[in-house]
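Residue-level listing of the chains:
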Amino acid sequence: MKSEIRHSERSEEKVDAFTAEVIRSSVVAITDEMKTNLMRTAYNMIIYEAEDFTVGLFDADGNTISIGLGLPMFIRGLSDSIRAKLRHWGKENIEPGDILLTNDPQVMGSHLNHMIFTLPVFHDGELIAFSSSMGHWQDVGGVLGAVTRDVFSEGLQLPFVKIFKRGEQDAELTAIIRTNCRLPEFAMGDFRAQIAAVRTGERRLMQLLKRYGAETFKESIKLIFDQSEKLAQAAVKKIPDGIYEAESFMDDDGVNLGKHIPIKVRVEVRGEEMTVDLSGVSPQVAGPYNSGSTAGRSACEVAFKFLTTPLLLPINEGSFRPLKIILPPGRVVSATKPAPVRTWMTVPMTVADTIFKALAPACPDNVMAGQHADLAAPRTFGLDPKTGRAFHFPSVLSGGGWGALNDRDGQNATFCINDGDTHNTPVEAGEGKGPIFIAYRKLRQDSGGPGKFRGGLGVAQEVRLRSPGSVQSAMERTICAPWGLHGGKDAMPNRFSVLRKDGSTQKLPTGKTPGHIVLEAGDGFLVEVGGGGGFWNPLERDPQKVLADVRSGYVSLDAAKRDYGVVIQQQGRRFGLDIDATEAMRQQMVGEQRK
């Protein structure tokens, strides 16, 4: 679709830099307000605590003007869905007061829980922009406690519908949606919250258009796109030309157990342009780890934004013009219907991670080592004896370790790259949403990959059920550990175990349960989230930093000696550095490395 706001179409009318900058800041502020209003009015914790949503403003052709990200992997979903809605209806059939709705995985790339509401913004009868919101609903039907094999088993599918027509809500469509949700009051609460968010965007944007006029607004957006493009091009140009490749893998698809899912990426840099080729990524799989092509492109765009203009706002269409993506259909990140997509988010973040791995030799200053790459959020469900109602998936999110950078340690207890703005769930909030008890949540000692700069630490969390229920885990990356870069070592991978009240532990070969596991009151599970990989040789780490890590409980005495060649003496609760023994041990270890 030909955009009205493109770098190839230069309007004779120009806008001054001051006005363009005001409009730049205004669209960022608008999407921030949309985001805040959605969080304040949503009913389920997945939105207001975990920030599993995004909001945004888009031009009349669906190009991104500004998005307020909750999850980075939503960077492309809204834009692609608006373009698909335009193809479906045509601009001539979209009217003021319409609100367009879909949750089609082939359109937005993710799973059926993500509802996308889009409201057209008109000025003097002209369609100028769209205000849109994607939010994760806690339940949209579908089977529980099973590994899904097609999208039809995963819940309610909504094609392109107008949930509001000329300002009037469609009561029949609303009733269908409500009836297909196990938690209808939550669903309708989030429905209203998303409507409020897109109407906030419409109201604020109309105020901006009234003040500056449509032409000045469009010229300013064009200038923002062009400036963002130039900055991204300049960043790409700093990367040496060449072809860079890397590979990794996922444990399996939950159906063909033990059969790895290969992830192979090829990145070509030529001047001011970068091409990411995902042709080598695995074909779509039988289990629910597929995603639509939007998710594959989003993974590339997240990595590209990280590498080029990570702090530039707004996130907009121009920032991605120097990026070309090759993604054939039928891959695990470009799956076609009826592929199951319930656990869509897992593979794309490893794709992004593998892009960093590929480019590590070319631009070590811009990449990070591997990270834990999984949300690590088992689904728990059952009957709450206090309320007599079903509970489903109360959030107990904890975070894990991020990879180290070339000049600093990785972050501890931080969510995977797919879920960048997600908050860890306060223990009290999680316990308040269902009959669960969180026995402990703590940093996982030695989980960060050793390096001159250490990887971030993962988190260990024990959860017990206070009434009978079930748990289902789809955790990935329990075999492919977060990798180190440039001599840094791998981190501990993710791990999931079932705990019985008699003290026994059921350790699973991967992080996936075979369907759901029945738990009695007092039973529970242990989630151990992986760390981040290290950067540079660990023998180059300042011994004083290793001592500080030991004192903080991040690194054990044995790991300090084994991985860093640092000898630390302990007397009671006091730790002291043995400088002479450390120098001797490191000389010995360096000699062994050279052999």
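In case you missed it, the structure is sitting above this.
Quantities reported herein were computed from a predicted structural model and do not represent experimental measurements.

Student: Help me understand the pairing of strand β16 (residues 469-472), please; the structure alone is not making it clear to me.
Tutor: Taken residue by residue, a regular strand's side chains alternate between the two faces of the sheet. By the alternation rule, side chains of β16 split into Gly469 and Val471 and Ser470 and Gln472, which are all buried. Of the pairings in the sheet, the one linking strand β12 (residues 379-384) to β16 comprises four bridges and is antiparallel in character. Of the residues in β16, the one forming a bridge with Thr380 is Val471. Across three bridges, the pairing between β16 and strand β21 (residues 517-519) is antiparallel.

Student: Teacher, can you tell me more about the packing of aromatic side chains here?
Tutor: Note on aromatic pairs: each is described by the distance of the centres and the angle between the planes. Going through the model one piece at a time under the given rule, you end up with seven aromatic pairs. Note on Phe306 and Phe356: the rings are 4.6 Å apart at their centroids and 45° apart in plane angle, and the pair reads as tilted. With Phe306 in helix α8 (residues 293-307) and Phe356 in helix α9 (residues 346-359), the pair connects residues that are 50 residues apart, well separated along the chain. Residue Phe356 is classed as buried on the basis of its relative accessible area, which comes to 0%. Between Phe535 and Trp536, the ring centres sit 5.1 Å apart and the planes meet at 65°, which makes this aromatic pair edge-to-face. Residue Trp536 is classed as partly exposed on the basis of its relative accessible area of 26%. Between Arg199 and the ring centre of Phe164, over which it is positioned, the NZ or CZ distance is 4.9 Å.

Student: I keep staring at α8 and nothing clicks. Help me out?
Tutor: The terminal C-alpha atoms of α8 lie 21 Å apart, and with 15 residues this matches the ideal 21 Å at 1.5 Å per residue to within 8%. With 12 of 15 residues buried, α8 lies mostly within the body of the structure. Of the residues making up α8, those classed as buried are Thr294, Ala295, Gly296, Ser298, Ala299, Cys300, Glu301, Val302, Ala303, Phe304, Lys305 and Leu307. Buried residues in α8 make contact with α3 (77-89), α4 (105-108), α7 (214-237), β10 (273-277), β11 (323-326) and α9.

Student: What is the right way to read the sheet that holds strand β18 (residues 495-499) from this model?
Tutor: The strands that make up a sheet pair up through hydrogen bonds in the backbone, lying either parallel or antiparallel. One open sheet accounts for five strands, arranged β14-β15-β22-β18-β19; its pairing is antiparallel. At either end of the open sheet lies a strand with only one pairing partner, and these are β14 (436-443) and β19 (505-507). Taken pair by pair, the neighbouring strands of this sheet meet at an average axis angle of 20°, ignoring direction.

Student: Looking at this structure, how should I read the pattern of salt bridges?
Tutor: Side chains that differ in charge, positive against negative, can pair when their charged atoms come close. All chains considered together, the criterion is met by 35 salt bridges. The network of salt bridges with common partners includes Arg76, Asp80, Arg83, Arg297, Glu301 and Glu317.

Student: Would you mind going over the nonpolar core with me for this structure?
Tutor: Within soluble globular proteins, side chains that are nonpolar generally end up buried alongside one another. Judged by nonpolar contacts, the single largest core of 76 residues is most densely connected at Met274, Leu278, Val351, Ile355, Leu359 and Val367. Of all the elements, α9 adds the most residues to this core, at eight residues. When sequence neighbours within four positions are dropped, the list of residues in contact with Val367 reads Phe306, Leu307, Phe356, Leu359, Ala360, Leu405, Leu485 and Phe535. In terms of nonpolar packing, the next biggest core, distinct from the first, is built from 24 residues, Phe53, Ile65, Ala129 and Ile221 among them.

Student: Explanation requested: the side chain of Arg76 in the structure shown.
Tutor: Along the polypeptide, Arg76 turns up in the loop between β2 (64-69) and α3. Judged by relative accessible area, which is 5%, Arg76 ranks as buried. Contacts of Arg76, omitting those with residues within four sequence positions, involve Arg83, Thr294, Arg297, Ser298, Glu301, Glu317 and Phe320.

Student: Just to check I follow, could you spell out the side chain of Asn44 for this structure?
Tutor: By secondary structure assignment, the location of Asn44 is in the loop between α1 (17-41) and α2 (45-48). Its relative accessible area of 1% is what places Asn44 among the buried residues. Engagement of the side chain of Asn44 in a polar contact is seen with the side chain of Asp190, the distance being 2.3 Å. Setting aside residues no more than four positions away along its own chain, Asn44 makes contact with His136, Trp137, Gln138, Phe186 and Asp190.

Student: Please explain the environment of Ala584 as it appears in this structure.
Tutor: Here Ala584 shows up in helix α13 (residues 579-594). When the C-alpha atoms of Ala584 and Ala548 are compared, they prove to be 20 Å apart, with 36 residues separating the residues in sequence.

Analysis parameters
- Residues numbered from 1 in each chain as written.
- Predicted model: local features only at pLDDT ≥ 70, side-chain atom pairs only at ≥ 80, totals over all residues.
- Heavy atoms only, no water.
- Buried < 20%, exposed > 50% of the residue type's maximum accessible area, 1.4 Å probe, protein only.
- Helix = DSSP H or I, 4+ residues; strand = E, 2+ residues; numbered from the N terminus.
- Pairing = 2+ DSSP bridges.
- Phe/Tyr/Trp six-rings, centres within 6.5 Å; stacked < 30°, edge-to-face > 60°.
- Lys NZ or Arg CZ within 6 Å of the ring centre and 35° of its normal.
- Expected span 1.5 Å × (residues − 1).
- Contact = heavy atoms within 4.5 Å.
- Axes fitted to C-alpha atoms, helices over the stretch in contact; angles between N-to-C directions.
- Salt bridge = Lys/Arg side-chain N within 4 Å of Asp/Glu carboxyl O.
- Core = buried A, V, L, I, M, F, W, Y, C linked by side-chain atoms within 4.5 Å.
- Polar contact = N/O pair within 3.5 Å; in protein donor to acceptor, adjacent residues only side chain to side chain.

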